[in-house]
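# Chains, contacts and geometry: an overview
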Amino acid sequence: MTSSTTITSTAVPKTTSVTLPKPSPKIAGQAKDVWTIVNEAAAEAQASLPFPVLNLGQGFFSYNPPEFAIRAAQDALNDVSCNQYSHTKGRPSLRKALAAAYEPSFGRKINWESEVVVTSGANEGMFSAFTAFLSDGDEVVVFEPFFDQYISNIQLPGGKVVYVPLVPPPDNDVRTVSSSEWKVDFEDLQSKISPRTKMIVVNSPHNPVGKVFSREELEKIGQIAVENNIIVLSDEVYDRLYYKPFTRMATLSPELQQLTLTVGSAGKTFSATGWRVGWLIGDAELIKYVSAAHTRICFAVNSPLQEATAVALQEAAKAENTFFVDHVEAYKQKFRIFNRIWDELGLTYTDPEGGYFVLVNFSKVKIPDDYQFPEDVTVGRAKDFQIAYWLIKEIGVVTIPPTEFYHPEHAHLAEKYLRFAVCKTDDYLEQAVERLRLLKPYIQH
Ligand SMILES: Cc1ncc(COP(=O)(O)O)c(C=O)c1O
């Protein structure tokens, strides 16, 4: 092209005569999701409040991964092979590091070539698992409250979700309870099993209840799975953050070793949710189909952050590296800092045994009767959406209304709670405590 060449615009003026093709009903018509509602309210609140809005809503960290993980990520970018495609199952370095990391708690050798697949976050890993095993109309049992992505991940490949609510103790309005007191109703679970049940999803440590399922509970769920030949998708992304003994489903029996897909996440393990590195570990006969689905969905995961995760796992395993132990202690301290406000205000909560969320019971908080709410949080929404909205707009603290994690028919079970994420710096949590003191005049005793 010479310097005298001119480029003229050939843009066609927009007409109104085109009818755009309709999107798939699996995607269209979904209500505005909770993250959008909450983030919009937070942006609006920030424009009018005299102080910064504090975000304890979505579970992302307000601080960086450990220095050794950051260094590994920087080094990976300087390695030629790390800037190119990786093996669709994951870089050998990471699959070997994962096998080594899980072998002690699995109590067996893990074949890194056939029993591990690296995915784009735990989320895509679970989508791959559902895609691999579900045919139209196959059923998947999910406990409520659930991690919201499970639902569309099951429905997109044609699966049907079957809901089993965890049951909190009835007196949780008047006392702070342990997350272990949220129980599985085994009669309910048993009654929901049908010849179409293909999978059960178990999440331990649990988001948002903080429950670490006991060995006995896992054995009972596992027994139902074995008797009915059901795959257990064991979502253990918070497996480095537990404050009481933690059991892995896959370790309970040789049958459950065969039927369980264990899910993990570098995002949760190394405070790096944006890295989008996750994995599934399980019997080679299951993993080969997950891997085939994963190849079709995203082919391969980004290489540099896989390599960084591999190196970080190796570093964290060194005797002199105390990261995982320190991490648990840091989270116990975060909960100590943060939860004292509920004791001070006289609000009850569910004391978590794992993970980084706390569910707080807001039934004593009285919002002025004439408070004006937008339709987003009233039409088809339970009361927790209104409480969350009010808390953002008036107090400047962002939380998540947990009825989003229930089927609408069961939303009444959770409408008095709000979920707070404590994966923030201690200083940020101190500021949140200070801010939440503004709730005092609204509490009815
Ligand atoms: C229970 C649970 N499972 C899976 C995920 C997704 O993990 P990832 O970010 O690795 O996709 C989350 C994220 O919040 C979660 O809470």
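Residues numbered from 1 in each chain as written. Predicted model: local features only at pLDDT ≥ 70, side-chain atom pairs only at ≥ 80, totals over all residues.

## Focus: the packing of helix α1 (residues 34–48) against helix α13 (residues 383–395)
Where α1 contacts α13, the two axes come as close as 8 Å, and the packing angle between them is 25°. What the angle tells us is that α1 and α13 run roughly parallel. Taken as a pair, α1 and α13 cross one another with a handedness that is right-handed. Side by side, α1 and α13 meet where Val38, Ala41, Ala42 and Ala45 of the first sit next to Ala388, Tyr389, Ile392 and Lys393 of the second. The residue makeup of the contact of α1 with α13, split by class, is 7 nonpolar, no polar and 1 charged. (Axes fitted to C-alpha atoms, helices over the stretch in contact; angles between N-to-C directions. Helix = DSSP H or I, 4+ residues; strand = E, 2+ residues; numbered from the N terminus. Parallel < 35°, antiparallel > 145°, perpendicular 65-115°, else oblique. Left-handed = near helix turned anticlockwise from the far one by under 90°. Contact = placed C-beta atoms within 7 Å. Nonpolar A, V, L, I, M, F, W, Y, C, P; charged D, E, K, R; others polar.)

## A short note on the site of the ligand
Near the ligand lie 13 residues; those nearest to it are Gly121, Ala122, Asn123, Asn207 and Ser265. Looking at side-chain class alone, the shell around the ligand contains 3 nonpolar, 9 polar and 1 charged residues. (Near = placed C-beta within 6 Å.)

## Some details on the UniProt feature "domain: Aminotransferase class I/classII large" (unreviewed entry) in the chain
The UniProt record annotates "domain: Aminotransferase class I/classII large" (unreviewed entry) at residues 53–436. Segment residues 53–436 splits into 40% helix and 16% strand. End C-alpha atoms: 12 Å apart. (UniProt positions renumbered as here; feature names shortened; annotations may be inferred.)

## Quick notes on the nonpolar core
Most often, soluble globular proteins keep nonpolar side chains buried together rather than apart. Core analysis: the biggest nonpolar cluster contains 124 residues, and Val232 and Val360 have the highest contact counts within it. Here this core spans two domains, since at least three of its residues come from each of domain 1 (34–57 + 323–442) and domain 2 (67–317). Aside from chain neighbours lying at most four places away, what touches Val232 is Ile200, Val202, Gly222, Ala225, Met249, Leu256, Leu259 and Thr260. (Core = buried A, V, L, I, M, F, W, Y, C linked by C-beta atoms within 7 Å. Buried ≥ 20, exposed ≤ 12 C-beta atoms within 10 Å, placed from the backbone. Domains from an automatic or database assignment.)

## What to know about the domain arrangement of the chain
Assigned domains of the chain: these are domain 1 (34–57 + 323–442) and domain 2 (67–317). Each of domain 1 and domain 2 has a C-alpha centre, and the two are 26 Å apart. Taken together, the contact between domain 1 and domain 2 spans 29 residues of the former and 32 residues of the latter. When residues of the side of domain 1 that touches domain 2 are traced back to their parent elements, those giving at least two are α12 (323–345), β11 (349–351) and β12 (357–361).

## Focus: the confidence of the model for the chain
For the chain, the mean per-residue pLDDT works out to 95, and 96% of the residues sit at or above 70. When mean pLDDT is taken per element in the chain, strand β8 (residues 231–235) scores highest with 99 and α1 scores lowest with 93. (pLDDT = per-residue confidence, 0-100.)

## Some remarks on the sheet that holds strand β4 (residues 160–167)
Read from one edge to the other, the open sheet built from 8 strands follows the order β2-β10-β9-β8-β7-β3-β4-β6, with strand pairing classed as mixed. Here the strands that pair on one side only, and so sit at the sheet edges, are β2 (116–119) and β6 (183–184). Across 4 bridges, β2 lies against strand β10 (residues 278–282) in antiparallel orientation. If you follow Thr119 over to β10, its bridge partner there is Gly278. In the packing of helix α10 (residues 284–298) onto the sheet, contacts are made with β2, β8, β9 (260–265) and β10, and the angle to β2 comes to roughly 25°. (Pairing = 2+ DSSP bridges.)

## Side note on α12
With 23 residues, α12 extends 34 Å between its outermost C-alpha atoms, agreeing within 8% with the 33 Å of an ideal straight helix rising 1.5 Å per residue. Along α12, the sharpest change in direction is near 30° and occurs at Phe338. Within the span of α12, buried status applies to Phe323, Tyr331, Phe338, Asn339, Ile341 and Trp342. The inward-facing, buried residues of α12 contact α11 (303–317), β11, β12 and α14 (426–436). A positive phi of about 75° marks Gly346, the residue just after α12. (Expected span 1.5 Å × (residues − 1). Bend = angle between axes of the 7 residues up to and from the residue.)

## Some remarks on the sheet that holds β12
Spatially, β5-β11-β12-β14 is the arrangement adopted by the 4 strands of the open sheet, whose pairing is mixed. Two strands close off the open sheet at either side, each with one partner strand: β5 (177–178) and β14 (417–421). For β5 and β11, the ladder comprises 2 bridges, and the chain directions are parallel. Counted as the bridge partner of Ser178 is Asp351 from β11.

## A closer look at the packing of helix α2 (residues 67–77) against α11
Orientation of α2 relative to α11, taken along the N-to-C sense of each, is 140°, at an axis distance of 8 Å. Relative to α11, the element α2 is oriented oblique. The interaxial crossing formed by α2 with α11 has right-handed handedness. Here α2 contributes Phe68, Ala69, Ala72, Ala73, Ala76 and Leu77 to the contact with α11, which in turn contributes Pro304, Leu305, Glu307, Ala308, Val311, Ala312 and Glu315.

## Overview of the environment of Arg437
On the secondary structure map, Arg437 appears in the segment after α14. Each C-alpha atom, one on Arg437 and one on Leu345, is 7.5 Å from the other, the two residues being 92 residues apart in sequence.

## Re the pairing of strand β7 (residues 197–203)
Burial analysis of β7 places 7 of its 7 residues in the buried class, which makes it a mostly covered element. In this sheet, β7 lies alongside strand β3 (residues 139–144) in parallel orientation, the contact comprising 4 bridges. Residue pairing for β7: Val140 is matched across the bridge by Met199. Of the pairings in the sheet, the one linking β7 to β8 comprises 5 bridges and is parallel in character. Residue Met199 lies in a different strand from β8, and its bridge partner there is Ile231. Assessed by its sense of winding, the connection that carries the chain from β7 through helix α7 (residues 215–228) to β8 is right-handed. (Right-handed = clockwise from strand over helix to strand, strands pointing away.)

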